[in-house]
Amino acid sequence: MATTPGILTEWPWKPLGSFKHIVLAPWVIGHGYSYLIKGENDLSSFLIFPLILWRMLHNQLWISLSRYRTAKGNNRILDKPIEFDQIDREKNWDDQILFSGIIFYTVIATYPSLATHFPIWRTDGVIIVFLLHVGPMEFLYYWLHRLLHHHFLYSRYHSHHHSSIVTEPITSVIHPFAEHIAYFVIFSIPLLTTVFTGTSSMSILFGYVTFIDFMNNMGHCNFELIPKWLFTVFPALKYIIYTPSFHSMHHTQFRTNYSLFMPFYDYIYGTMDKSSDIVSQISLKRQEDVADVVHLTHLTTPESIYHLRFGFPHFASNPLCSKWYIWLLWPLTLLTMALTWVYGRTFLVERHRFDKLRLQTWAIPKYKIQYYMKWQNEPINNMIEKAILKADENGVKVLSLGLLNQAEEVNKHGEIYVERHLRLKTKVVDGSSLAVAIVVNSIPKETTQLLLTGKLTKVACAVVLSLCRRKIQVTTPFKEDYEKLKASFGTDNSSNNLLFSSNYSLKTWLVGDELSDEEQNKAKEGTIFIPMSQFPPNKFRKDCFYYTTPAMEAPPSLENVDSCENWLPRRVMSAWRIAGIVHCLEGWNVNECGRNIFNIDKVWEATLRHGFKPLVMHAASVTPKLF
């Protein structure tokens, strides 16, 4: 929102929320019925809807490319972080596509003869569009843009766009409604001229709109992609084509580089930023980032790929959950599954900076279900092992294993990699110690007895031992689990606090994987479920309360956080991910994998000292809050 919003700031369909696209439904259905069912010759109007879909896909491709490239670091222009407030501000980037669709349908309804007289191609029309764009359109945009930087209009409108210092492709279309009206009037000059002169064509409509989108996205992508040699060989190009660095300077300097796509008018009127060429050359020479800490995760469900940072920005900025509209994308989902199968290599997801540490998240292109297939163990382990060796080669200090990349059934909590490669400099961390510490410290203070159920894991055993030593009784309804836990205590006297009982009336439950709905039905109303697992339990009971999986809130000094880690809330990180960061900050020169558990009090104290904050669950809302 602008600092002092003016009239026509909000889009007319804002009250419709996520159902705003329904405003196009009457036109889309009507023209589709006319062309496909009645056989009427109105192909031009029928193709408006595919054009809208193409524009959305085109923009999304730029979003994904930009986020992937800026995470890698090579050719990145600005290092400043992007945070959740920018994602929220830019979530309605498709409003301008919706607006243009309404305009196109309205024009066709007003002049129906246009729908049947558009040829596929007109050379004279293409020439007219080119000349009008180079001349009056770029000229008018330049002066409108300068006018929008006058304090009166800037504070009411254009400041909304400039709230994003570090731009993303979709930043290009984040403007108040009134601004888009002005832009559309200017951009329509070439198209309307060809219509009124009878030289228009479908190629001009599709091509010119795609050209505008392409150049807008390129100018805001925050990585340089136009090589220096192009301007060396063709010096005149610097006057007629801008670069991402050119427009990035406008977002950092504000009073320079006003041109749309052609810097020509900035040279004429003396508003060209002289640092643009230097910034471009520096960006082109920039190499990929080298991380200090890498967190190695994997895909969960087929739809989870949209939740990755280079997926859908607004979707990724909220905890992972099932959305009805994702089911509409099942053909694309199947395609992404095929691509991950073919690609078969670890890929970069995101980057962060924490104090002096450079952090990255890598992902294995495997889904949760594949980790439970024994025949998949070898290919999964090969991918994890290659990722560890790559990290070691790149000088990564610590690599933490997330989700099922450290499952005991898969690789013995990462121990097999350390045993195979005795000279590894990169320390492998499974994060179990911190997970135990978080669970133990999240037990309600008044608790004297609790129930243990679900799969018995390394973390579960360590949690039970720690609680029993603190004189908290732990009961389990499964005889086999009781015997295993009892044996693991050895001669420790605290084993007296471990009980075998089928009493499900306790108000606090420690739960792991494989917690069934049938077991949850046995719980009393108001029971608190505290997960010890990587994945959250099914929230089957509406009258009970569920804590998050072991996690903590990241400190404010952790930069570039604009997406959620799976199902966790904003700026909340899993114990397994935090463990790798703390391991590096503390300089612990040992691996944490296999059956080993560190001193959980020492790990807990170090984690708090570095600014990570524990979560407390308020029973009334089951929403994580800070102590």
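As shown above, the structure is provided for reference.
In this text, all values refer to a predicted model and were calculated from it rather than measured experimentally. (Residues numbered from 1 in each chain as written. Predicted model: local features only at pLDDT ≥ 70, side-chain atom pairs only at ≥ 80, totals over all residues. Heavy atoms only, no water.)

### Some words on the packing of helix α6 (residues 123–148) against helix α8 (residues 177–196)
Packed helix pairs are specified by the crossing angle of their axes together with the interaxial distance, meaning the distance between the axes. Closest axis-to-axis distance for the α6/α8 pair is 8 Å, and the angle between their directions is 160 degrees. The orientation of α6 with respect to α8, classified from their angle, is roughly antiparallel. Helix-helix and strand crossings are classified by hand; for α6 and α8 the assignment is right-handed. Across the interface between the two elements, Gly125, Ile128, Val129, Leu132, His133, Met137, Leu140, Tyr141, Leu144 and Leu148 of α6 pack against Glu179, Ala182, Tyr183, Ile186, Phe187, Ile189, Pro190, Thr193 and Thr194 of α8. In terms of residue class, the contact of α6 with α8 is made up of 14 nonpolar, four polar and one charged. (Axes fitted to C-alpha atoms, helices over the stretch in contact; angles between N-to-C directions. Helix = DSSP H or I, 4+ residues; strand = E, 2+ residues; numbered from the N terminus. Parallel < 35°, antiparallel > 145°, perpendicular 65-115°, else oblique. Left-handed = near helix turned anticlockwise from the far one by under 90°. Contact = heavy atoms within 4.5 Å. Nonpolar A, V, L, I, M, F, W, Y, C, P; charged D, E, K, R; others polar.)

### A look at the pattern of salt bridges
For the structure shown, the criterion picks out 28 salt bridges. The residue Arg76 makes a salt bridge to Asp79 at a minimum N-O spacing of 2.8 Å. Exposure remark for Arg76: the relative accessible area of 3% places this residue in the buried category. Overall, the relative accessible area of 37% leaves Asp79 in the partly exposed class. The partner of Arg570 in a salt bridge is Asp88, with the nearest N and O atoms 2.8 Å apart. With Arg570 in the loop between β13 (558–559) and β14 (572–574) and Asp88 in helix α4 (residues 84–89), this residue pair connects regions lying 482 residues apart in the sequence. Note on Asp88: relative accessible area 30%, which makes it partly exposed. (Salt bridge = Lys/Arg side-chain N within 4 Å of Asp/Glu carboxyl O. Buried < 20%, exposed > 50% of the residue type's maximum accessible area, 1.4 Å probe, protein only.)

### Thoughts on the state of the cysteines
According to the stated counting rule, one finds zero disulfides in the structure shown. Cys468 supplies the cysteine sulfur nearest to Cys461, a cysteine that is in no disulfide, at a spacing of 11 Å. Here Cys593 stays unpaired: no disulfide links it, and the sulfur of Cys584, its closest cysteine neighbor, is 16 Å away. (Disulfide = S-S within 2.5 Å.)

### Looking at the sheet that holds strand β8 (residues 498–500)
The strand order across the open sheet formed by six strands is β8-β7-β6-β9-β10-β11, and the pairing between neighbours is parallel. In this open sheet, the two strands that pair with only one neighbour each are β8 and β11 (545–546). The pairing of strand β9 (residues 508–511) with strand β10 (residues 528–531) spans four bridges and is classified as parallel. Residue Trp509 lies in a different strand from β10, and its bridge partner there is Phe529. Set on the sheet, helix α21 (residues 458–469) makes contact with β6 (449–453), β7 (473–476), β8 and β9; between it and β7 the angle comes to about 140 degrees. Seen against the sheet, helix α22 (residues 479–489) touches β6, β7 and β8 and runs at an angle of roughly 155 degrees to β8. (Pairing = 2+ DSSP bridges.)

### Side note on the side chain of Ser276
In this fold, Ser276 is placed in helix α14 (residues 276–285). Ser276 gets classed as buried once you look at its relative accessible area, which sits at 3%. Beyond its immediate sequence surroundings of up to four residues, Ser276 is in contact with Ser245, Phe246, Met249 and Asn257.

### Brief notes about the pairing of β7
As paired strands, β6 and β7 are joined by three bridges and run parallel to one another. Bridged to Leu450 within β7 is Val474. Handedness of the β6-α21-β7 crossover: right-handed. Relative to β8, β7 runs parallel, the two sharing three bridges. Following the sheet pairing, Val474 is matched in β8 by Leu498. (Right-handed = clockwise from strand over helix to strand, strands pointing away.)

### Description of the nonpolar core
One finds Leu434, Val463, Leu467, Leu510 and Phe612 to be the most contacted residues of the largest nonpolar core, which totals 54 residues. In this view, Leu510 contacts Val439, Ile443, Leu450, Leu451, Leu452, Thr453, Val463, Leu467, Ile530 and Met532; residues no more than four positions away in its chain are not counted. Among the nonpolar cores identified, the runner-up in size contains 47 residues, and Ile108, Tyr157, Ala178 and Phe246 belong to it. (Core = buried A, V, L, I, M, F, W, Y, C linked by side-chain atoms within 4.5 Å.)

### Description of the packing of aromatic side chains
How two aromatic rings sit relative to each other is set out by the distance from centre to centre and by the angle between their planes. Per the stated rule, a full pass over the model turns up 35 aromatic pairs. On the basis of an interplanar angle of 65 degrees and a centroid distance of 4.7 Å, the ring pair of Tyr239 and Tyr267 is categorised as edge-to-face. Pair noted here: Tyr239 is in helix α11 (residues 237–240) and Tyr267 is in helix α13 (residues 264–269), with a separation of 28 residues, a long-range link. Given the relative accessible area of 32%, Tyr239 is considered partly exposed. Note on Tyr267: relative accessible area 29%, which makes it partly exposed. A ring pair is formed by Phe354 and Phe612, whose centres lie 5.6 Å apart and whose planes are at 65 degrees; its orientation type is edge-to-face. Taken together, the positions of Phe354 in strand β2 (residues 347–354) and Phe612 in the loop between α25 (600–609) and β15 (613–618) put the pair 258 residues apart, joining distant regions of the chain. For Phe354, a relative accessible area of 0% gives the class buried. A residue is classified by how much of its surface remains accessible, and Phe612, at 2% relative accessible area, is buried. Three or more aromatic residues link up through ring pairs in this structure, and these residues are Phe139, Tyr142, Trp143, Tyr258, Phe264, Tyr265 and Tyr269. Sitting over the face of the ring of Tyr343, Arg345 holds its NZ or CZ atom 4.3 Å from the ring centroid. Lys390 extends its terminal NZ or CZ atom over the ring of Trp362, reaching a point 5.2 Å from the ring centre. (Phe/Tyr/Trp six-rings, centres within 6.5 Å; stacked < 30°, edge-to-face > 60°. Lys NZ or Arg CZ within 6 Å of the ring centre and 35° of its normal.)

All we've got here are geometric facts, nothing functional implied.
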